[in-house]
Amino acid sequence: IPGFIPPDNFYKLGRMKFDGRFDGYFQDFVAFGDLSSDLGKITLDMRLDLKEGSEKAQYSGRAVLSEFDLATWSGNDDFGILEAEAVVRDGKGLRLESVNADLEAKVTVFEYKDYIYEDFRMEGKFEQNLFDGDFVISDPNIDLDFSGSVDFTDSIPVYDFNAEVKALKLKKLNLIEDDFGLEGNLILNANGTDINNAQGTASGTDFILYKDGNA
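Residues numbered from 1 in each chain as written. Predicted model: local features only at pLDDT ≥ 70, side-chain atom pairs only at ≥ 80, totals over all residues. Heavy atoms only, no water.

Enquirer: When you look at the packing of aromatic side chains in this model, what are you seeing that I'm missing?
Expert: The geometry of an aromatic ring pair comes down to the distance between the two centres and the angle between the two planes. If you walk through the whole model with that rule in mind, you get 13 aromatic pairs. Ring centres of Phe110 and Phe120 lie 6.2 Å apart, and the angle between their planes is 85°; this geometry places the pair in the edge-to-face category. Highlighted residues: Phe110 in strand E6 (residues 100-112) and Phe120 in strand E8 (residues 120-127), separated in sequence by 10 residues. A relative accessible area of 19% means that Phe110 is categorised as buried. With relative accessibility at 7%, the residue Phe120 sits in the buried group. (Phe/Tyr/Trp six-rings, centres within 6.5 Å; stacked < 30°, edge-to-face > 60°. Helix = DSSP H or I, 4+ residues; strand = E, 2+ residues; numbered from the N terminus. Buried < 20%, exposed > 50% of the residue type's maximum accessible area, 1.4 Å probe, protein only.)

Enquirer: Just checking my understanding: could you explain a nonpolar patch on the surface for this structure?
Expert: On the surface, a nonpolar cluster with roughly 300 Å² of combined accessible area is contributed by Phe18, Phe22 and Phe26. Here Phe18 lies in strand E1 (residues 17-25). We classify Phe18 as partly exposed; its relative accessible area is 31%. (Patch = residues over 30% accessible without salt bridge, like charges linked within 9 Å, V, L, I, M, F, W, Y side chains within 5 Å. Areas by Shrake-Rupley, 256 points an atom, 1.4 Å probe, with all protein chains shown as cover. Salt bridge = Lys/Arg side-chain N within 4 Å of Asp/Glu carboxyl O.)

Enquirer: Can you walk me through the environment of Ser54 in this structure?
Expert: Here Ser54 lies in the loop between strand E3 (41-49) and strand E4 (58-69). Classification of Ser54 as buried rests on a relative accessible area of 6%.

Enquirer: Quick question: what am I supposed to make of the nonpolar core here?
Expert: Grouped burial of nonpolar side chains is what soluble globular proteins tend to show. In terms of nonpolar packing, the biggest core is built from 30 residues, with Leu82, Phe110, Tyr117, Phe120, Ile137, Ile142 and Leu168 touching the most fellow members. Contact partners of Tyr117, with chain neighbours within four places excluded, come to Thr108, Val109, Phe110, Tyr112, Ile137, Ile142 and Leu173. Leu48, Tyr59, Val99 and Ala101 belong to the second largest nonpolar core, which has 8 residues in total. (Core = buried A, V, L, I, M, F, W, Y, C linked by side-chain atoms within 4.5 Å. Contact = heavy atoms within 4.5 Å.)

Enquirer: Can you help me understand the pattern of salt bridges in this one?
Expert: Pairs can form between side chains of opposite charge whenever their charged atoms are close. With the rule as written, the count across this model stands at 10 salt bridges. Across the salt bridge formed by Lys51 and Asp28, the nearest N and O atoms sit 3.0 Å from each other. Within this pair, whereas Lys51 is found in the loop between E3 and E4, its partner Asp28 is found in strand E2 (residues 28-36), the two being separated by 23 residues in sequence. Among the salt bridges present, the one from Asp34 reaches Lys41, with a minimum N-O distance of 3.9 Å. Judged by relative accessible area, Lys41 falls into the partly exposed class, the value being 37%. Beyond isolated ion pairs, a larger network of salt bridges with shared partners links Asp28, Arg47, Asp49 and Lys51.

Set out below in structure tokens:
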């Protein structure tokens, strides 16, 4: 496809089959239907304009992802299956370095470190390697409202957010080995690839730290 230079992991999708309606050209089209691949299935109702290449691609619409193998796609075995529904508005750029889009998403299944997170929602803006918005999840082991940003510009992510934490059981989420949990209102400005090497500042109110079920 002339002018289409996808990221390397695009080719991990393997054999793809589309069943639906496709109007336009390979570089500028509207698609409605089901696209299946070796990694999962996606139901599309969207427009994509690639006339100026993937860096300046423009897109908008709705997509529903089913049984997607995020571990193979990302090359990170900490991940697993992803199932989600997303609406994208005014999207530009198909690479992390160039992406700029407004996003609403409902994630029904997200597997990370052998824990399955279910039914969480996020709304916000992706701008290059930065997500700025709101995130809500209600689960027996993680129940929180998040508002702030996560910056992946450098190799080590930077977090700057406020969160109302009703429950966060770190061992049950397979994030640490010790049986710690917490709840309260948290303000965090830190960086790190996971909780074990994070550094920065944190403050909280009405904050309770649990160890082995005891406050």
